[in-house]
Amino acid sequence: MNTADENRRQVLYWRMLGRLFEADEQMTLESASVAIVDDLGLPPALLDPTVSVDTLVQRHPDLAGEFDGLMKPEAEPVPGDEVRRAALVAKLLVNVFATGSGNVSATQLANWQSDAGWFERALGMDPGELRGRPNAGGMATVLAGLEGDLVRRMHLREVLADPALARQLTPSMSLIEQLLRDKDNLSGVALANAKALIRRFVDEVAEVLRTQVQQTSVGEIDRSVPPKRVFRNLDLERTIWKNLTNWSPEDERLYVDRLFYKQTAKRTTPARMIVVVDQSGSMVNAMVNCTILASIFTGLPKVDVHLIAYDTRALDLTPWVHDPFEVLLRTRLGGGTDGTVAMALAQPKVADPRNTVVVWISDFYEWQSQVLFDSMQAMHRSGVKFIPVGSVSSGGQQSVNPWFRQRFKDMGAPVLSGHIKKLVSELKSFLA
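Basis of the calculations
- Residues numbered from 1 in each chain as written.
- Predicted model: local features only at pLDDT ≥ 70, side-chain atom pairs only at ≥ 80, totals over all residues.
- Heavy atoms only, no water.
- Helix = DSSP H or I, 4+ residues; strand = E, 2+ residues; numbered from the N terminus.
- Buried < 20%, exposed > 50% of the residue type's maximum accessible area, 1.4 Å probe, protein only.
- Contact = heavy atoms within 4.5 Å.
- Areas by Shrake-Rupley, 256 points an atom, 1.4 Å probe, with all protein chains shown as cover.
- Pairing = 2+ DSSP bridges.
- Expected span 1.5 Å × (residues − 1).
- Patch = residues over 30% accessible without salt bridge, like charges linked within 9 Å, V, L, I, M, F, W, Y side chains within 5 Å.
- Salt bridge = Lys/Arg side-chain N within 4 Å of Asp/Glu carboxyl O.
- Axes fitted to C-alpha atoms, helices over the stretch in contact; angles between N-to-C directions.

Draft legend 1. Fine view of the overall build of the chain. Regarding its fold elements, the chain presents 18 helices and seven strands. A total of 432 residues make up the chain; the buried ones form 48% of that total. Considering only intrachain contacts with a sequence separation of at least 6, the fraction spanning at least 24 residues in the chain is 73%. Counting only carbon and sulfur atoms, one obtains 51% of the accessible surface of the chain, whose full area is about 21,400 Å².

Draft legend 2. Spotlight on the pairing of strand S3 (residues 271–278). S3 sits mainly inside the fold: seven of its eight residues count as buried. Sheet analysis places S3 next to strand S4 (residues 303–310), joined by eight bridges and oriented parallel. What sits directly across from Val-276, in S4, is Ile-308. As paired elements, S3 and strand S6 (residues 356–362) share six bridges and run parallel to each other. Paired with Val-276 across the bridge in S6 is Trp-360.

Draft legend 3. Representation of helix H7 (residues 139–152) within the structure. Taking 1.5 Å as the rise per residue, H7 with 14 residues should run 20 Å; its terminal C-alpha atoms sit 20 Å apart, in good agreement. Among the residues of H7, Ala-140, Thr-141, Leu-143, Ala-144, Leu-146, Glu-147, Gly-148, Leu-150 and Val-151 are the ones counted as buried. As for H7, its buried residues are in contact with helix H5 (82–97), helix H6 (106–122) and helix H10 (173–182).

Draft legend 4. Layout of a nonpolar patch on the surface. A surface patch of nonpolar side chains, about 460 Å² in accessible area, is lined by Leu-236, Ile-240, Trp-241 and Leu-244. Along the polypeptide, Trp-241 turns up in helix H12 (residues 236–242).

Draft legend 5. Summary view of the sheet that holds strand S7 (residues 385–390). The strand order across the open sheet formed by five strands is S5-S4-S3-S6-S7, and the pairing between neighbours is mixed. The strands lining the two open edges of the sheet, one partner per strand, are strand S5 (314–316) and S7. Strand-to-strand, the axes of this sheet are offset by a mean angle of 20°, without reference to chain direction. Of the strands in this sheet, S3, S4, S5 and S6 touch helix H15 (residues 339–346), which is tilted by about 155° from S4.

Structure follows, in structure tokens:
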């Protein structure tokens, strides 16, 4: 890159840093940036942080392709295009990370969510991919934190009371958390709009989780049932191996005197899955994801799913486990934590320990730690597959009581991270 291009690129980045960290505009940098953008043949709106990337691309469709993969680690700028690339990168960074202060409208939130989607595309991801896994840390945590701050700065009740504004809201984990915490204070149109947003979010998350679960095979091979002697069950490898002694070098042929078949019969006893979710504090991410996951497993054959939510009281939500929307409307976020009340509901549900999995989602900061752990350990020793899952807040911080973490590890059931994919994998291995 020649010196002139280096200087022009530096001006664009200085302006970007000024926008990100200074409240006042630097007029010299602004005017110089306008001249650079104009010389590059780019639209002036590229420098206006109030113009969303969506709007920019609608007006100038050719830019869409330039934003895609723009910031992928392996992406190398075409020689001579470094300044143009800097201008596009600066647009994304300013729109996503310079969120300002003060009140936020529904339109501003929707525009930010759209811009964050373009930022993810620039990184080579699908829109929503990073924000869909805030517990992944790094940039995912930063984006979730920014989105949560915007939601908190929005007068949500006023927005929900206006159908036109409510329609502009894009469901997100931060928004759902606010709705669930405030639902008892809503009524009429505002409550109806809140329910519609929760329903939309539930359906969107369910679509993602369903694809992860759809390959699950339920039931294990029953070795006591003789295999069906049909061609589709023929175990070719085993048949050849077992008949190798019948190989004739003279004829160059393998003479088979016995065929072997694969066993395909599955056990018919339903597997029982008991999901226990701590609904206190910042447990929204776990509550939403695991509630939806439980409903998906409910739809699988031969899986008997039970759902319990608790804080200082426990609630058996099994009658509504097929509908996560109804479950979430019945939860009350916040309050203390006493897992012993949930254990009192869970224990009677264990009829066949070796055919039961208990998924316990919590930060495990408990009032009666030793009492609860003793009952969990007894459950584990009885043959129950016990899976403790750490809590994850909407901001992505995972917090698990170190006392419980170490004891679960010693017990042979280490705490899973709050990432839903790990839980799906564990459940699939148990049900397969």
